Amino acid sequence: MIDFADELAAGLRSTVELVALSWAGAAVLALVLVSCRVSTVAPARQAAKAVIHTVQSVPLLLWLLLAAFALPSLGLDVSLWARAAGTLACYTAVYYAEALRSGINAVGRGQTDAARALGFTSSQTLVQVVLPQGLRHALPVLGTLTIGLLLNTSLVGAVGVLDLTAVAQQIAYITADPVAAFGTTSCIYAAVGVVITVISRKYAQRLAKRFPATSSGPGVSGAVRFDEPGPRGRHRIRAASVVVLAGLVLVLVLGWRALYDAGELDPTRWAAYREWPIWRFLLEGAAGTAVAGVLGIGVAALPGTVLGLLAAHHRLTVRRTASAVADAVLVVPLLLWLYATMLVLPAVGIRLPQIGQLVLPLAITAAAGIAKILATSIHAIDPGQRDGALALGLPEGAALRLVVLPQAVRHALPALIGQLTRTIKDTSLGLLIAFPELLGQTRVLSGHTFLVLQPYLVTAALYAVITGSLTLLAHTLERRSRRETARTSTRTDAAPDRTLAAQLT
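Residues numbered from 1 in each chain as written. Predicted model: local features only at pLDDT ≥ 70, side-chain atom pairs only at ≥ 80, totals over all residues. Heavy atoms only, no water.

Draft legend 1. Unusual backbone geometry, seen in detail. A positive phi angle, near 60°, is found at alanine 434, a position not held by glycine. For alanine 434, a relative accessible area of 53% translates into the label exposed. Phi at phenylalanine 450 takes a positive value of approximately 60°, unusual for a residue other than glycine. Assignment of secondary structure puts phenylalanine 450 in the loop between α17 (438-449) and α18 (453-494). (Buried < 20%, exposed > 50% of the residue type's maximum accessible area, 1.4 Å probe, protein only. Helix = DSSP H or I, 4+ residues; strand = E, 2+ residues; numbered from the N terminus.)

Next comes the structure, spelled out in structure tokens:
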């Protein structure tokens, strides 16, 4: 590895530049999206929501392929590196925006009321009062998402951009020593991740000192945060709605015009999708995606649960060790785990079938994600549940298994479905090992028809249907869990003694 220090330094420099530029673009786009997301102007709010859900529903690798091979046909004459950085920025911005929106929703209504009582306008209240405090609440999540951005840069090598993972792959092939190449690269990613974590914690502490926590009532969401507008306010909202609608129509017309001028709307380019064999070919890929995703979660369920229980253990040493193991897995890009499965395991005499080469790295990262979700959910359970079980004579393990864990799983079910959604999107990496999943089938179809935009857009729509269905299920379960929690809280407030007796019996 010392002999390849210059190559590793060049790959690291490219990765850091990608992260820096993408982070800056994502921060600006996220502020625009979150401002629209909480706006009182309904068209802006709905447009931002549609953009966020559309981008989140499609794997990043598919967006990178579209940016690399479809945008040049539309006349976008910029470098491949810039297109990759822009794609990373747009993809990360939607997650930043949702994290900021959650932080804004956690700001108490009293903060808004106080600002309005001082004569602040809605815009001034949002920019000077709500956004800084929302950023304070969201900064830990934003730091985690920035580490995710670092890991996502590993995918740009799939479209021809040199980065740290691409350099590691080249070194592994040259030296025939994938353990040293990928091990060194993993340590570099971990080091950069630690730097990002330290920086985010310092800024979180600085924001916490500048905007200390306040008890100003429960948080509220979005447009309902502000007072009911008067006649002048309603007039401004209507005018802004007209302007936003006109802007959206203009964007759609310009996009349609660009596609038309490039000949991408020619009916002959879409004629193949009127034939059943084409759809059957794509649906076979969708089935492969579903099978790989479900197998990945199924294999990860048991080790993830065990690691999550250890991460929530009452002993500090056990808890920190399990959390460190989960963090060590998550700080390594999934693509590196895939390369390790392809190159390292055969070097030690372990040869997996093609589906195993994809499922194993998916299961490794999914197990760490499940562990983090379960540990967080277990910590959120009322300690009185465990204490009541111990008071009834149950051993520590039985109390955790029979009382705490079922409630934690029920509360964590929406997040676990979100993990399944991420795993299904991650199956797109099967493209790199020629596994017949949805994106791999699309690449074959693109090579057969000599088209780029049409096959990948259809595949994006299929991904949106699959992941959108899972996201809708997660939201439904989350709303049901909130209603059950509210009903339980009401019963507890109404009859605390009876509820305590029920817990003990």
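Draft legend 2. Summary view of helix α15 (residues 383-391). What α15 keeps buried is the set Gln385, Gly388 and Ala389. Burial along α15 is one-sided: seen end-on, the buried residues are contained in an arc of 100°. Every exposed residue of α15 that faces more than 90 degrees away from the buried side is listed here: Pro383 and Ala391. Positive phi appears at glycine 393, one or two residues downstream of α15, with a value of about 100°. (Arc of directions from axis to C-beta.)

Draft legend 3. Geometry of helix α3 (residues 60-70). Extensive coverage of α3 is indicated by the burial of nine of its 11 residues. All of the buried residues in α3 are Leu60, Leu61, Leu62, Leu64, Leu65, Leu66, Ala67, Ala68 and Ala70.

Draft legend 4. Just the confidence of the model for the protein, in detail. Summarising the model, the protein shows a mean pLDDT of 84, and 91% of its residues fall at 70 or more. Contacts from residues 495-505, a stretch scored under 50 in pLDDT, to residues over four places away or in other chains number six contacts. (pLDDT = per-residue confidence, 0-100. Contact = heavy atoms within 4.5 Å.)

Draft legend 5. Layout of the environment of alanine 138. Within the secondary structure, alanine 138 sits in helix α6 (residues 122-152). Setting aside residues no more than four positions away along its own chain, alanine 138 makes contact with Ala99, Leu100 and Gly103.

Draft legend 6. Highlighting a nonpolar patch on the surface. Residues Val195, Ile199 and Tyr203 make up a contiguous nonpolar surface patch of roughly 290 Å² in combined accessible area. Following the sequence through the fold, valine 195 ends up in helix α8 (residues 178-210). (Patch = residues over 30% accessible without salt bridge, like charges linked within 9 Å, V, L, I, M, F, W, Y side chains within 5 Å. Areas by Shrake-Rupley, 256 points an atom, 1.4 Å probe, with all protein chains shown as cover. Salt bridge = Lys/Arg side-chain N within 4 Å of Asp/Glu carboxyl O.)

Draft legend 7. Looking closely at the layout of surface pockets. Taken as a whole, the second largest pocket spans an internal volume of roughly 1200 Å³. If you go around the second largest pocket, you meet 38 residues; those closest to its centre are Val51, Thr54, Val55, Trp63 and Val251. Mapped by element, the contributors of at least two residues to the lining of the second largest pocket are α1 (5-37), α2 (42-57), α3, α4 (80-105), α9 (231-261) and α18. When residues of the lining of the second largest pocket are assigned to their parent elements, the largest contribution, nine residues, is made by α9. Split into classes, the residues belonging to the lining of the second largest pocket amount to 34 nonpolar, four polar and no charged. (1 Å grid on protein atoms, 1.4 Å probe; cavity = no way out; pocket = protein on both sides within 12 Å on 5 of 7 lines; lining within 4 Å. Points joined across faces, edges and corners; volume = space filled by probe spheres on them. Nonpolar A, V, L, I, M, F, W, Y, C, P; charged D, E, K, R; others polar.)

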